[in-house]
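# Breakdown of the fold
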Amino acid sequence: MSTTTRNIDETRLANTIVSVLDPAALRACSDDRDAIRYAVRSSTLKLRTIVLGRVALRRLLADPDGEVKVEYLKRELLRCAAQRTDYCYPPSVARPARVSEPEAAAI
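Residues numbered from 1 in each chain as written. Predicted model: local features only at pLDDT ≥ 70, side-chain atom pairs only at ≥ 80, totals over all residues. Heavy atoms only, no water.

## Considerations on helix H2 (residues 54-62)
Taken together, the buried positions of H2 are occupied by Arg54, Ala56, Leu57 and Leu60. Mapping the buried residues of H2 onto a view down its axis gives an arc of 160°, with all of them on the same face. Away from the buried face of H2 by more than 90 degrees, exposed residues Arg59 and Ala62 are located. (Buried < 20%, exposed > 50% of the residue type's maximum accessible area, 1.4 Å probe, protein only. Helix = DSSP H or I, 4+ residues; strand = E, 2+ residues; numbered from the N terminus. Arc of directions from axis to C-beta.)

Right, here's the structure in full:
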């Protein structure tokens, strides 16, 4: 699959996910190599930014259960739209620093 075709598929999937929000409130901000970004302009929603990682979108496209996961993402986006200012998929998880075994034993 060529890069252009893959980018079109990723963009189409991203548009499907964000289609649960009012199209008049959405604007594609940046379509860079790593992520597809949307700006949300709505006085009724707290959400202002949506960032969808291209690698994660590619995995969804190849996943046999991708359709179910996309439906889940749509529901999650709708739920978060009134509560959070940013929505990111995949979510960036802050991981605690690793503690070495001697330090853990001392605790």
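## Quick word on the environment of Leu78
Locating Leu78 in the fold gives a position in helix H3 (residues 66-81). Note on Leu78: relative accessible area 46%, which makes it partly exposed. Between the C-alpha atoms of Leu78 and Val18, which are 60 residues apart in sequence, the distance is 8.9 Å. Residues in contact with Leu78, not counting those within four places in the same chain, are Val20 and Leu21. (Contact = heavy atoms within 4.5 Å.)

Honestly, that's just the spatial picture; any functional story needs more than this.
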